[in-house]
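Here's the letter readout for the chains.
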Amino acid sequence: DTVVLHDVSAFHGEQAKALEQAVRDITAGKYTVIVTRHSDRLDRRGAKYALPFLWAVQEAGGRIECVDEPSFGNDDDFDGMLTYMSIVKNFKESKDKSERVLDSFATILRNEAFHGRVPWGLTTTGPKLNRQLAATAEGAEYLPQIFRRVASGESLGKVAVWLTAEGVSPAGIKKDREDGRGKSGKWWDASVGLIIRNPVYAGHATDSSGKTVYSWDGIVSPALWQEANQSLDTRPQRRSPVRRPPE
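Calculation rules
Residues numbered from 1 in each chain as written. Predicted model: local features only at pLDDT ≥ 70, side-chain atom pairs only at ≥ 80, totals over all residues. Heavy atoms only, no water. Helix = DSSP H or I, 4+ residues; strand = E, 2+ residues; numbered from the N terminus. Buried < 20%, exposed > 50% of the residue type's maximum accessible area, 1.4 Å probe, protein only. Contact = heavy atoms within 4.5 Å. Areas by Shrake-Rupley, 256 points an atom, 1.4 Å probe, with all protein chains shown as cover. Salt bridge = Lys/Arg side-chain N within 4 Å of Asp/Glu carboxyl O. Expected span 1.5 Å × (residues − 1). pLDDT = per-residue confidence, 0-100. Core = buried A, V, L, I, M, F, W, Y, C linked by side-chain atoms within 4.5 Å.

Student: Even after reading the chapter, I still don't get the overall build of the chain, so can you show me in this structure?
Tutor: Helix and strand content of the chain: 7 helices and 6 strands. Helices and strands in the chain line up, N terminus first, as α-β-α-β-α-β-β-α-α-α-β-β-α. Burial analysis of the chain (247 residues in total) assigns 40% to the buried set. Considering only intrachain contacts with a sequence separation of at least 6, the fraction spanning at least 24 residues in the chain is 53%. Of the accessible surface of the chain, which amounts to about 14800 Å², a share of 53% is contributed by carbon and sulfur atoms.

Student: Would you take a moment to explain the pattern of salt bridges for this structure?
Tutor: Close approach of charged atoms allows side chains with opposite charge to pair. If you walk through the whole model with that rule in mind, you get 3 salt bridges. The salt bridge involving E154 is made with R149; its shortest N-O contact spans 3.0 Å. We classify R149 as partly exposed; its relative accessible area is 25%. Residue D233 is joined to R197 by a salt bridge in which the shortest nitrogen-to-oxygen separation is 3.1 Å. Separated by 36 residues along the polypeptide, D233 in helix α7 (residues 222-233) and R197 in helix α6 (residues 189-197) bring together distant segments of the chain. Judged by relative accessible area, which is 22%, D233 ranks as partly exposed. The buried category is assigned to R197, whose relative accessible area is 10%.

Student: Sorry if this is basic, but what is going on with α7 here?
Tutor: Turn by turn, an α-helix covers 3.6 residues, leaving residues three or four places apart pointing in a common direction. Compared with the 16 Å implied by 1.5 Å per residue over 12 residues, the 16 Å span of α7 between its first and last C-alpha is a close match. Taken together, the buried positions of α7 are occupied by L224, W225, Q226, A228, N229, S231 and L232. Elements in contact with the buried residues of α7: α4 (137-151), α5 (156-166) and α6.

Student: I'm lost on helix α1 (residues 16-27) in this one. Help?
Tutor: End to end, α1 covers 17 Å across 12 residues, agreeing with the expected 16 Å (1.5 Å per residue, within 8%). Listed in full, the buried residues belonging to α1 are A16, A18, L19, A22, V23, D25 and I26.

Student: Hey, could you run me through the confidence of the model for the chain in this one?
Tutor: Should pLDDT be low for a region, the predicted coordinates there are not to be read in detail. Across the chain, the average pLDDT comes to 77, with 64% of residues at 70 or higher. Within the chain, the element-level pLDDT minimum falls on helix α3 (residues 77-110), averaging 64, and the maximum on α4, averaging 96.

Student: Looking at this model, I keep getting lost on the nonpolar core. Mind explaining?
Tutor: Considering soluble globular proteins, one finds that nonpolar side chains tend to be buried as a cluster. Counting residues in hydrophobic clusters, the biggest one holds 31 residues, and the most contacted among them are W120, I146, F147, L163, V192 and Y201. Listed by contribution, the elements that provide at least two residues to this core are α4, α5, α6 and α7. A per-element tally of this core places α4 first, with 6 residues. Residues contacting Y201, with those up to four places away along its chain left out, are P119, W120, L122, L143, F147, I195, G218, I219 and V220.

Right, here's the structure in full:
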């Protein structure tokens, strides 16, 4: 059997349920050995959590084998000391990393900088913790046209066909093809719709609640963005609700 752990969040205990299940499986005789590359793949919350798990595995008749740490979990005194030191080291490294991430995010907020996934047609400029949005050459040329076409009543499908015919690199495609048109070279109406609905193009990046978390000059005016969205709202099809940019 395979135990799947959320090891990327081991510092926050997201893998705890899977570890508990592993102990139950060992007790039930499903397997006796847990193999991992390094002990930090199991737990990074410190001795308070890691040692009880280690002991529980051993009490259930199993053992943990770490490829990079052959001494981890062994019974003799010296290996036991190395095991404890490894657990403490894992916790400290994760704690330090978490604090660095929080510090970096705080700096980004103080700088009123952009963070997150960069939408199609845009890029970021500036140092790492003070990235600002800017339009790419392709975005500067085509984004205003996309919004104007939708605002004038053109269907998303027709806009997608036009973009494909123009040879514009499709949204959502990162791996370039030899002709520079992404994997398929094709646009889809859903991709165009996501662009129209995104208020970042009018100068406001929002979170899931609609709160503005970043502002910039935008590539289209708020009025054009609103007009294009209202045009979609009046069409007889399923549609997502408009997220209006703040005044």
